[in-house]
Amino acid sequence: MDNRQQSPDHLIRSLAGGDMDVLDQIYDSYRDEFLRWAASKFTGVTRDDLLDAWHDTMIMFYEQVRDRKLTHLTCELKSFLFLIGYRRLIKMHKISSKTELKEELDANIHIEESINAMESE
């Protein structure tokens, strides 16, 4: 079954009906394309982080279908999945940026403390 030729709603119904093979097929069909696309949008992000974002995307997609929060799409499945992945990467990047800034701030504080200690000696 080539899920790119099936309607998104049909795939959602199949997945909601318990056909987990659909999830595997969707995962495999779009993974490499997502990784290439995301790498072009988020330069400097590791392949592992991109894969984590894709895994999270598929988990979120499945949970929305399982919980009946997603029963119909008004766009292509690929567009929907890439949007989830994009948002996930933005969230990961914001967390990473905050961590880097905190580490930089901590390093600056440590340097200032060292300078102050040397001046007082």
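Keep in mind that what you see is a predicted model, and the values were worked out from it rather than measured.

**Student:** Can you walk me through helix α1 (residues 8–16) in this structure?
**Tutor:** What sets the pattern is the α-helix's 3.6 residues per turn: residues three or four places apart point alike. Within α1 the residues assigned to the buried category are P8, D9, L11, I12, S14 and L15. Directly beyond the C-terminal end of α1, a positive phi value near 100° is found at G18.

**Student:** Just checking my understanding: could you explain the environment of F42 for this structure?
**Tutor:** Within the secondary structure, F42 is located in the loop between α2 (20–41) and α3 (47–66). Taking C-alpha positions, F42 is 8.8 Å from H93, a pair spaced 51 residues apart along the chain. F42 has contacts with Y86, L89 and I90, leaving out every residue within four places of it along the chain.

**Student:** Just to check I follow, could you spell out unusual backbone geometry for this structure?
**Tutor:** Only a minority of non-glycine residues have a phi that is not negative, and only a minority of peptide bonds are not trans. If you check the backbone angles, R68 has positive phi at about 65° while not being a glycine. With respect to the element layout, R68 can be found in the loop between α3 and α4 (77–120).

**Student:** Whenever I open this one, the pattern of salt bridges confuses me. Can you help?
**Tutor:** Side chains that differ in charge, positive against negative, can pair when their charged atoms come close. Under the criterion given, the structure shown has 4 salt bridges. R88 serves as the salt-bridge partner of D56, at 2.6 Å between the closest nitrogen and oxygen. Placement of D56 in helix α3 and of R88 in helix α4 is noted, with a sequence separation of 32 residues between them. Under the relative-accessibility criterion, R88 is labelled partly exposed at 21%. The partner of D67 in a salt bridge is R66, and the shortest N-O contact between them spans 2.9 Å. On the basis of relative accessibility, which here comes to 42%, the residue R66 falls in the partly exposed class.

Cut-off values and rules
- Along each chain, residues carry numbers from 1 onward, in the same order as the chain's sequence is written.
- The predicted nature of this model means local features are confined to residues of pLDDT at least 70 and side-chain atom pairs, given and counted, to a pLDDT of 80 or more, with totals for whole chains, interfaces and linings taken over all residues.
- The basis for every side-chain value is the complete set of non-hydrogen atoms in the structure, without hydrogens or water.
- Buried means the residue's accessible area, taken with a 1.4 Å probe over protein chains only, is under 20% of the maximum for its type, while exposed means over 50%, and partly exposed covers the values in between.
- Here a helix means four or more residues in a row that DSSP labels H or I, a strand means two or more in a row labelled E, and each is numbered from the N terminus.
- Only heavy atoms enter the contact rule, under which two residues are in contact if any of them lie within 4.5 Å.
- What counts as a salt bridge is simple: a side-chain nitrogen of Lys or Arg found within 4 Å of a carboxyl oxygen of Asp or Glu.

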